[in-house]
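# Descriptive structure summary
Listed here are the chains, written in short residue letters.
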Amino acid sequence: MVCRTASGGNFLRRIKRERGTHPYDMVKEKWYGGSDDNVTGTGTTAAGRKSFRQDAKPDLSGCIFDGEAVKSAFALLSTKVTKPVPIGIMPGPGRGPKGPKPKIKNPGKLFARLMGYVFKRYGVLYILVIIGILLSVLCNTQGTMFMQTLIDDYITPMLQNHSDDYSALLGAIGRVAGFYALGVIATFAYNKLLIYISQGSIKHLRDDLFTHMQDLPIRYFDTHSHGDIMSVYTNDIDTLRQVISQSIPQLLNSVVTIVNVFIYMIILNIPLTVITLIMVAITVFITGKFASFSSRYFLAQQEDLGKVNGFIEEMLNGQKVVKVFTHEQQNIEDFNKLNDQLFDSAYNANRYSNYLGPVNAQIGNLSYVLCAMIGGVMALSGFGGLTLGKLASFLTFNKSFNMPISQVSMQLNSVVMALAGSERIFKLLDEKPETDDGYVTLVNAREENGVLTETTENTGIWAWKHVHQADGSVDYIRLTGDVVFDDVDFGYVPEKIVLHNVDLYATPGQKIAFVGSTGAGKTTITNLINRFYDIQDGKIRYDGININKIKKADLRHSLGIVLQDTHLFTATVMENIRYGKLDATDEE
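Everything in this summary refers to the structure shown in the same document. (Residues numbered from 1 in each chain as written. Predicted model: local features only at pLDDT ≥ 70, side-chain atom pairs only at ≥ 80, totals over all residues. Heavy atoms only, no water.)

## Comments concerning the pairing of strand β6 (residues 474-478)
- Pairing between strand β5 (residues 462-467) and β6: five bridges, direction antiparallel. Across the sheet, His466 pairs through a bridge with Asp475, a residue of β6.
- Between β5 and β6, which follow one another and run antiparallel, lie six residues, and Gly472 among them has a positive phi close to 80°. (Pairing = 2+ DSSP bridges. Helix = DSSP H or I, 4+ residues; strand = E, 2+ residues; numbered from the N terminus.)

## Side note on the packing of helix α4 (residues 107-161) against helix α5 (residues 167-214)
- Across the interface, α4 lies against α5 with an axial gap of 8 Å and an inter-helix angle of 160°. Classified by the angle their axes make, α4 and α5 are roughly antiparallel. Once α4 is placed against α5, the crossing between them reads as left-handed.
- Considered class by class, the residues forming the contact of α4 with α5 number 29 nonpolar, 11 polar and three charged. (Axes fitted to C-alpha atoms, helices over the stretch in contact; angles between N-to-C directions. Parallel < 35°, antiparallel > 145°, perpendicular 65-115°, else oblique. Left-handed = near helix turned anticlockwise from the far one by under 90°. Nonpolar A, V, L, I, M, F, W, Y, C, P; charged D, E, K, R; others polar.)

## Examining helix α10 (residues 328-381)
- Here α10 is 54 residues long and its end C-alpha atoms lie 79 Å apart, about the 80 Å a rise of 1.5 Å per residue gives.
- Just past α10, the residue Gly382 takes up positive phi, approximately 75°. (Expected span 1.5 Å × (residues − 1).)

## Description of the packing of α4 against helix α7 (residues 226-268)
- Remark: α4 packs on α7, axes separated minimally by 8 Å, with the N-to-C direction vectors making an angle of 35°. For α4 against α7, the interelement crossing comes out right-handed.
- Looking at the contact of α4 with α7 residue by residue, the class counts come to 21 nonpolar, six polar and no charged.

## A short note on the nonpolar core
- With 36 residues, the main nonpolar core has Tyr126, Ile197, Leu205, Leu209, Leu240, Val243 and Ile425 as its most contacted residues.
- For Leu205, the residues in contact, after removing those within four places along its chain, are Tyr117, Ile237, Leu240, Ile425 and Leu429.
- Core analysis: the next-biggest nonpolar cluster, separate from the first, contains 22 residues, Val483, Val488, Ile540 and Ile550 among them. (Core = buried A, V, L, I, M, F, W, Y, C linked by side-chain atoms within 4.5 Å. Buried < 20%, exposed > 50% of the residue type's maximum accessible area, 1.4 Å probe, protein only. Contact = heavy atoms within 4.5 Å.)

## Regarding the pattern of salt bridges
- Applying the stated criterion across every chain, the model contains 13 salt bridges.
- Where Arg556 meets Glu434, a salt bridge forms, and the shortest distance between an N and an O atom there is 2.9 Å. Of this pair, Arg556 sits in helix α13 (residues 552-557) while Glu434 is found in the loop between α11 (388-429) and β3 (441-448), placing the two residues 122 residues apart along the sequence.
- By relative accessible area, which is 25% here, Arg556 ends up partly exposed.
- What makes Glu434 partly exposed here is its relative accessible area of 25%. (Salt bridge = Lys/Arg side-chain N within 4 Å of Asp/Glu carboxyl O.)

## Here we look at the sheet that holds strand β9 (residues 537-542)
- What the four strands build is an open sheet, ordered β8-β7-β9-β10; its pairing is antiparallel. The two strands at the open ends of the sheet, each matched to only one other strand, are β8 (499-506) and β10 (545-546).
- Summarising the sheet, strand β7 (residues 483-490) and β9 pair through five bridges and their orientation is antiparallel. Among the inter-strand pairings, Asp486 is bridged to a residue of β9, identified as Lys539.
- Contacts between helix α12 (residues 522-529) and the sheet are confined to β7, β8 and β9, with β7 contributing the most and set at about 110° to the helix.

## Some remarks on the sheet that holds β3
- Taken in spatial order, the four strands line up as β4-β3-β5-β6 in an open sheet, and their pairing is antiparallel. Of all the strands in the sheet, the pair left with one neighbour each is β4 (451-454) and β6. On average, each strand axis in the sheet is inclined to that of its neighbour by 50°, with strand direction left out of account.
- When β3 meets β4, the two strands line up antiparallel, connected through four bridges.

## With respect to the packing of aromatic side chains
- Summed over all chains, the structure comprises 10 aromatic pairs.
- With a centroid separation of 5.6 Å and 0° between ring planes, the pair formed by Tyr264 and Phe397 is classed as stacked. With Tyr264 in helix α7 and Phe397 in helix α11, this residue pair connects regions lying 133 residues apart in the sequence. For the residue pair Tyr264 and Phe397, the accessibility class agrees, reading buried in each case.
- Measuring from centroid to centroid gives 6.3 Å for Phe311 and Phe335, while their planes differ by 35°, and the two rings are tilted. Separated by 24 residues along the polypeptide, Phe311 in helix α8 (residues 270-317) and Phe335 in helix α10 bring together distant segments of the chain.
- Given a relative accessible area of 5%, Phe311 falls into the buried group.
- A relative accessible area of 27% means that Phe335 is categorised as partly exposed. (Phe/Tyr/Trp six-rings, centres within 6.5 Å; stacked < 30°, edge-to-face > 60°.)

## A look at the environment of Leu429
- Summarising the element assignment, Leu429 is placed in helix α11.
- Classification of Leu429 by relative accessible area gives buried; the value is 18%.
- Put simply, Leu429 and His212 are 217 residues apart on the chain and 6.6 Å apart in space, counted from C-alpha to C-alpha.

Structure representation (structure tokens):
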């Protein structure tokens, strides 16, 4: 029986980073007051962050332990079981707590930032889109206004005079057809521009996200789920594509239509316009109520989607550990809990948004019926100079007035979802990049008469170029690999120091092994040499130079490291081997 693990140790180290203590000590101190008695058997693996019952002491005879994580896990499992200990962040199965939902912070500022990002590269094209929308709306309203002229100036006189001369009518219809044709061309043009603008904006946004991500410190990736980060690139980005290409242009089209139609409605008949505005006020009130309910759940939906993606990504990476500890059922329960949370937030968000369209449509129909009834009485009685032609045009405008408002209410849901995605995107873009104040660089060197000088040739000799900040003088120090830790203190979080007063040295050519239990700090020390993390106190010197003075890229270029977790990129084996030196020849 051979017990192997590749990622369990990493999880134990992660617990130690986050909580400042070893998981085993954490169990004793936090739940049992430091006693070894009655400690529950617990699966401490990257995939198994939940406790599970182990009713019998496992038989460890014949086991060859390939990782300290397995040894630590079985040490815990070997003790007497009384009740499960909840190590981790995920509660048991069932639906999650229904507490207050997150809200979008500063939606106006967020929307302005999003549009500023679009206008930064496509400002001129977006202005052309706005012009196309204005032209399209004006052409359509001209066609509607022509209905009054058609009835009052052409059809009614022809019926009264029994005229068969259609030349004037055909000419008027031709002019209106020209307006409609111009509107079709404008609509086609601005929609084609929108496709280019939306896809281009999303492309640049992905570029900026990926470029910025390369500059983020290791600490960020240790404290954020990789699946949640991936969700920013996929789900959140996709919500922006929809709002840039559809929602915002539709909102602009609707606003322009509402303003234009409102002006024509006042020209046609003021009393009917007042009735229409009263119904519109009711629509706006209901829309505001529904939007306030759905906006909270749209943000929760995006966050829950990121959690589900993060959980799936983690389970895929830790599938071997899951099988080793027979943790499948617990993972199913954990996934069901997260999936239920996503269902709740998505159901509530879409429930309120889907109610909104039918409700507004019925209010619009009621407005149309009221105007038709009252307007018919006014037209037949000749009140207010309302004619049949004006009434026909007004009723068409009434539909045109209510329809954009319904469209605005429907598009608001997409805007809210996009703002939720934008908040997560800009939060990633606003993360502080890794800082580098080093000024010592690694250069090719040539040695002549015991003196090192810089050269552009690849001589096989490397040296540190140390430009002294005080007087500008330059020293060249040969790269030998002498490492010294001098009274080093370190903690993954400032308030929890996990390494205290560490002193060690490694001379050139010396082989050193760090031996200790899982979570003792072996990997942490190698991370400090690479400056993946910065120490709180003390000094680390590399060839006599404080590593804080060495540029991080040069420091890491001078070191060779084989990580505990192997990763093969999507490429050939040769290209993966060449990853450490991209200009290496096939022979090398």
